[in-house]
Amino acid sequence: MGGTGWLFLFAVLMAAGLLFTMVFFIIMFSDLESDYINPIDLCNKLNQFVLPENIAHAFLSLLFLISGQWVAFLLNAPLLAYNINKIRGGNHMYDATEIFRTLPNHKKEGFFKLGFYLLSFFYYLYRMILALIQESE
C-alpha cells in the first residue's frame with residue numbers, strides 16, 4: 001500500500017474516532033436536557049475532549065496539505081478555520097454557568113460536526129479504496 005492508501009486509511013480511522021466523539025457530545029447534551037447529569041459534570045467531561053478533537057482535525061488537515069490532497073484539504077478547511085477562530089476567541093471550552101443558555105447552539109454545532117465527520121468518513125473510505133485499486137493496476 002502506497003502513501004495515499006496509508007494516508008486515507010489513517011483518515012478513515014481518525015474520522016471514525018471524531019465521529020464517535022461527536023456522538024458522545026450529543027448524548028451528553030441530551031443527558032443534560034433530561035437532567036441525568038449536572039452542568040458541572042457535563043463541562044468537566046466534555047472539556048477534556050474539546051482540544052484533542054480540534055487538534056486531531058487540524059493534524060489530519062495538515063497531513064492533507066503536506067501530501068498534496070487538495071480536495072480533502074479544501075473540504076476540511078472551513079471547519080478548521082471555524083475551530084481556530086473559536087480557540088483564538090477563547091470560547092472553545094464549555095462553561096457550566098452558561099451551558100443552559102448556549103445549549104441549543106452547542107447541539108447545532110455537535111450535529112453539524114457529526115454530519116461533517118460522517119460524510120468525511122465515507123469520502124476518505126472511497127479515496128482509500130480508489131488508491132488501493134490504482135496501486136493494484
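Residues numbered from 1 in each chain as written. Predicted model: local features only at pLDDT ≥ 70, side-chain atom pairs only at ≥ 80, totals over all residues. Heavy atoms only, no water.

*Asks:* Help me understand the layout of surface pockets in this model?
*Replies:* Rolled over the atoms, a probe sized like a water molecule indicates the empty space that remains. Looking at the largest pocket, its volume works out to about 250 Å³. Forming the walls of the largest pocket are 13 residues, and the residues nearest its centre are Lys86, Asn91, Thr102, His106 and Glu109. Only α3 (70-89) and α4 (99-136) provide two or more residues apiece to the lining of the largest pocket. When residues in the lining of the largest pocket are grouped by element, the largest group, five residues, is from α4. Partitioned by chemical class, the residues of the lining of the largest pocket number four nonpolar, five polar and four charged. (1 Å grid on protein atoms, 1.4 Å probe; cavity = no way out; pocket = protein on both sides within 12 Å on 5 of 7 lines; lining within 4 Å. Points joined across faces, edges and corners; volume = space filled by probe spheres on them. Helix = DSSP H or I, 4+ residues; strand = E, 2+ residues; numbered from the N terminus. Nonpolar A, V, L, I, M, F, W, Y, C, P; charged D, E, K, R; others polar.)

*Asks:* How should I be thinking about the packing of helix α2 (residues 39-67) against α4 in this particular structure?
*Replies:* Helix packing for two helices is described by the angle between their axes and how far apart those axes are. Contact geometry for α2 and α4: axes closest at 13 Å, N-to-C directions at 35°. Relative to α4, the crossing made by α2 is left-handed. On α4, the residues touching Pro39, Leu42, Cys43, Glu53, Asn54, His57, Leu60 and Phe64 of α2 are Ile99, Phe100, Lys113, Phe116, Tyr117 and Tyr124. Among the residues making up the contact of α2 with α4, the classes are represented as ten nonpolar, two polar and two charged. (Axes fitted to C-alpha atoms, helices over the stretch in contact; angles between N-to-C directions. Left-handed = near helix turned anticlockwise from the far one by under 90°. Contact = heavy atoms within 4.5 Å.)

*Asks:* Can you help me understand the nonpolar core in this one?
*Replies:* A general trend in soluble globular proteins is that nonpolar side chains are found buried together. In this structure, Phe29, Leu42, Phe64, Tyr94 and Tyr124 are the most contacted members of the largest nonpolar core, which totals 35 residues. Contributing elements (two or more residues each) for this core: α1 (3-33), α2, α3 and α4. Of the residues forming this core, the biggest block, 15 residues, is contributed by α1. Once residues lying within four places of it in the same chain are set aside, the contact partners of leucine 42 are Met28, Phe29, Leu32, Ile37 and Ile99. (Core = buried A, V, L, I, M, F, W, Y, C linked by side-chain atoms within 4.5 Å. Buried < 20%, exposed > 50% of the residue type's maximum accessible area, 1.4 Å probe, protein only.)

*Asks:* For this particular structure, what's the right way to read the pattern of salt bridges?
*Replies:* Should their charged atoms come close, side chains of opposite charge can pair. Scanning the entire structure with this criterion turns up five salt bridges. Measuring nitrogen to oxygen at the nearest pair gives 3.0 Å for the salt bridge that ties glutamate 33 to lysine 107. With glutamate 33 in helix α1 and lysine 107 in helix α4, the pair connects residues that are 74 residues apart, well separated along the chain. Here lysine 107 falls in the partly exposed class, since its relative accessible area comes to 22%. The structure contains a network of salt bridges with shared partners spanning Glu53, Lys86, Glu109 and Lys113. (Salt bridge = Lys/Arg side-chain N within 4 Å of Asp/Glu carboxyl O.)

*Asks:* Can you help me understand the packing of aromatic side chains in this one?
*Replies:* Between two aromatic rings, the relevant description is the distance of the centres plus the angle of the planes. This model, assessed by the stated rule, comprises eleven aromatic pairs. With centroids separated by 6.1 Å and ring planes inclined at 90°, the aromatic side chains of phenylalanine 10 and phenylalanine 59 adopt a geometry described as edge-to-face. Of this pair, phenylalanine 10 sits in helix α1 while phenylalanine 59 sits in helix α2, and the two are 49 residues apart along the sequence. Overall, phenylalanine 59 belongs to the partly exposed group, its relative accessible area being 41%. A ring pair is formed by phenylalanine 29 and tyrosine 94, whose centres lie 5.7 Å apart and whose planes are at 75°; its orientation type is edge-to-face. In this pair, phenylalanine 29 sits in helix α1 while tyrosine 94 sits in the loop between α3 and α4, placing the two residues 65 residues apart along the sequence. For tyrosine 94, a relative accessible area of 9% translates into the label buried. (Phe/Tyr/Trp six-rings, centres within 6.5 Å; stacked < 30°, edge-to-face > 60°.)

Remember that the coordinates give geometry; whether it matters functionally is a separate question.
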